[in-house]
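Notes for the structure review
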Amino acid sequence: MRDVQTFSKLMNMILAVFLFAVGPASAQLLMNGAGATFPYPLYSKWFDEYAKVDRSVRFNYQSIGSGGGIRQIMARTVDFGASDGPMNDEQLSKAPGELLHIPMVMGAVVATYNLPGSPTLRFPPDLLADIFLGKVTRWNDPRIEAANPEVPLPNQPIIVVHRSDGSGTTYIWVDYLSKVSNEWKQKVGRGTSVNWPVGLGGKGNEGVAGQVKNTPGTLGYVELAYAVTNKLPVAAIRNRAGSFVQPSIESTTTAAAGAAKDMPPDFRVSLTDPPGEDAYPIAGFTWLLVYREQPDEVRGKALVGFLWWAIHDGQKYAPHLLYAPLPAPVVKMVEAKIRQITYQGKPLLSSN
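Residues numbered from 1 in each chain as written. Predicted model: local features only at pLDDT ≥ 70, side-chain atom pairs only at ≥ 80, totals over all residues. Heavy atoms only, no water.

Here's the deal with the overall build of the protein
Across its full length, the protein holds 14 helices and 13 strands. A buried classification covers 52% of the 352 residues belonging to the protein. Carbon and sulfur atoms make up 53% of the accessible area of the protein, which totals about 16,000 Å². Of the charged side chains in the protein, 33 are positive and 30 negative; the average position of the first set lies 4 Å away from that of the second. (Helix = DSSP H or I, 4+ residues; strand = E, 2+ residues; numbered from the N terminus. Buried < 20%, exposed > 50% of the residue type's maximum accessible area, 1.4 Å probe, protein only. Areas by Shrake-Rupley, 256 points an atom, 1.4 Å probe, with all protein chains shown as cover. Lys, Arg positive; Asp, Glu negative; His and termini not counted. Charge placed at Lys NZ, Arg CZ, Asp CG, Glu CD.)

Set out below in structure tokens:
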């Protein structure tokens, strides 16, 4: 009996020391964010890795689409929003405070499809626009055959799949179509949500990838990592220089080569349809949306600490998940922007 009591006291002492060392679970700060599905694979990795760097904070991120992220940060129901489509001037003017766009990484939006044998297809930009306008409706259309003379194409309808939710991935896709097709620009235009001429809707990059994977004859658009994860083929797109280019980290980085010298102070820049023979034409930044003036000092410090880590140490995780890291000149510009985040007018970032 005495041995049992002694053991029990010993275990209680060990537990007390452990709790003193790690602190109660309630002491861990929970930061909430919501928005883009485009960078979700990378953000999930980042939040796991950052938890090892700063054990006092934990991040909860809801992958609900860029439109939802914009709405939630404007309503101040989250600590940060996330979007792959920049907020427009009207949205920014309605926010209860000055919102900053903080670039995190770059990614490619790809045309993916479900055809027998998963061939690698090539699409000229005008053909891609006309398919999504509903003007080219069958896989063996002469224009598709002309671009892919060595591929046996089935005589079956093209089932277009697009996003059903407000989406930054959609913004990048339709921003590109608006640049390469005047008809698309006039009839549909650009935005995180548009009135689609044809097609089925899927929620999130996950939803579109799932629709394409499970439905023969489909053609949709997703962020590159979602196509690779689902073992879906991706098309080579003809760029402005006339080259058919496959999406990759290298071709996405090339697309952003001129971004630093032409970057506006607020970072709201389009990377689609860039110059360069090796540039993939449908790529974009993904941003975190944060208030310049933070309402809470502790939460604000936790946020800027994570942002600083993400644009430095966090970038090494990007290529493994098929995102392109920020160019070094852009990192320097983002550093300056993070230093402008304040609480009661005082910068929150400690000297780095």
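Quick look at the pairing of strand β2 (residues 57-63)
The side chains of a regular strand alternate, first on one face of the sheet and then on the other. Strand direction decides the pairing type here: strand β1 (residues 29-35) and β2, joined by 7 bridges, are parallel. Note on β2: the bridge partner recorded for Met31 is Phe59. You can see the chain leave β1, run along helix α2 (residues 40-53) and come back into β2, and the turn it takes is right-handed. (Pairing = 2+ DSSP bridges. Right-handed = clockwise from strand over helix to strand, strands pointing away.)

Things to note about the sheet that holds strand β9 (residues 236-238)
In spatial order, the strands read β5-β9-β10; together these 3 strands make up an open sheet with mixed pairing. Single-partner strands in this sheet number two, and they are β5 (122-123) and β10 (244-245). As judged from the 2 bridges shared by β9 and β10, these two strands associate in the antiparallel manner. Along β10, the bridge assignment pairs Arg238 with Phe244.

Side note on the packing of aromatic side chains
Any two aromatic rings considered together are summarised by their centre-to-centre distance and by the angle between their planes. Applying the stated criterion across every chain yields a total of 27 aromatic pairs. A ring pair is formed by Tyr61 and Phe80, whose centres lie 6.3 Å apart and whose planes are at 5°; its orientation type is stacked. One end of the pair, Tyr61, is in strand β2; the other, Phe80, is in strand β3 (residues 80-83), and 19 residues separate them in sequence. In terms of burial, Tyr61 and Phe80 fall into one category: buried. Ring pairs connect the aromatic residues Tyr40, Tyr43, Trp46, Phe47, Tyr50, Phe59, Tyr61, Phe80, Phe306, Trp309 and Tyr317, which therefore count as one cluster. (Phe/Tyr/Trp six-rings, centres within 6.5 Å; stacked < 30°, edge-to-face > 60°.)

Some remarks on empty space enclosed by the protein
Overall, the coordinates contain 1 cavity of 30 Å³ or more when judged by the stated rule. If you add up the space inside the largest cavity, you get close to 70 Å³. As for the largest cavity, its lining consists of 13 residues, and the residues nearest its centre are Ile172, Val269, Ser270, Gly284 and Trp287. Elements with a minimum of two residues in the lining of the largest cavity: α7 (168-180) and β11 (283-291). Counting residues per element, the lining of the largest cavity draws most heavily on β11, which supplies 4 residues. Looking at the lining of the largest cavity residue by residue, the class counts come to 8 nonpolar, 3 polar and 2 charged. (1 Å grid on protein atoms, 1.4 Å probe; cavity = no way out; pocket = protein on both sides within 12 Å on 5 of 7 lines; lining within 4 Å. Points joined across faces, edges and corners; volume = space filled by probe spheres on them. Nonpolar A, V, L, I, M, F, W, Y, C, P; charged D, E, K, R; others polar.)

Structural notes on the layout of surface pockets
Volume-wise, the largest pocket comes out at about 200 Å³. Per-class residue counts for the lining of the largest pocket are 8 nonpolar, 4 polar and 4 charged. Ile70, Pro86, Met87, Asn88, Asp89, Gln91, Tyr171, Gly191, Thr192 and Arg268 are the residues that line the second largest pocket. Partitioning the lining of the second largest pocket into residue classes produces 4 nonpolar, 4 polar and 2 charged.

Notes on the sheet that holds β11
Two orientations exist for strands paired in a sheet by backbone hydrogen bonds: parallel and antiparallel. Spatially, β2-β1-β3-β11-β4-β8-β6-β7 is the arrangement adopted by the 8 strands of the open sheet, whose pairing is mixed. Two strands in the sheet have a free side with no partner beyond their single neighbour: β2 and β7 (200-202). Each strand of the sheet is rotated relative to its neighbour by a mean of 25°, with strand direction disregarded. Relative to strand β8 (residues 218-223), strand β4 (residues 99-113) runs antiparallel, the two sharing 5 bridges. The residue of β8 that forms the bridge with Val109 is Glu223. Packed onto the sheet, helix α5 (residues 125-132) meets β4, β6 (159-163) and β8 and runs at close to 110° relative to β8. (Axes fitted to C-alpha atoms, helices over the stretch in contact; angles between N-to-C directions. Contact = heavy atoms within 4.5 Å.)

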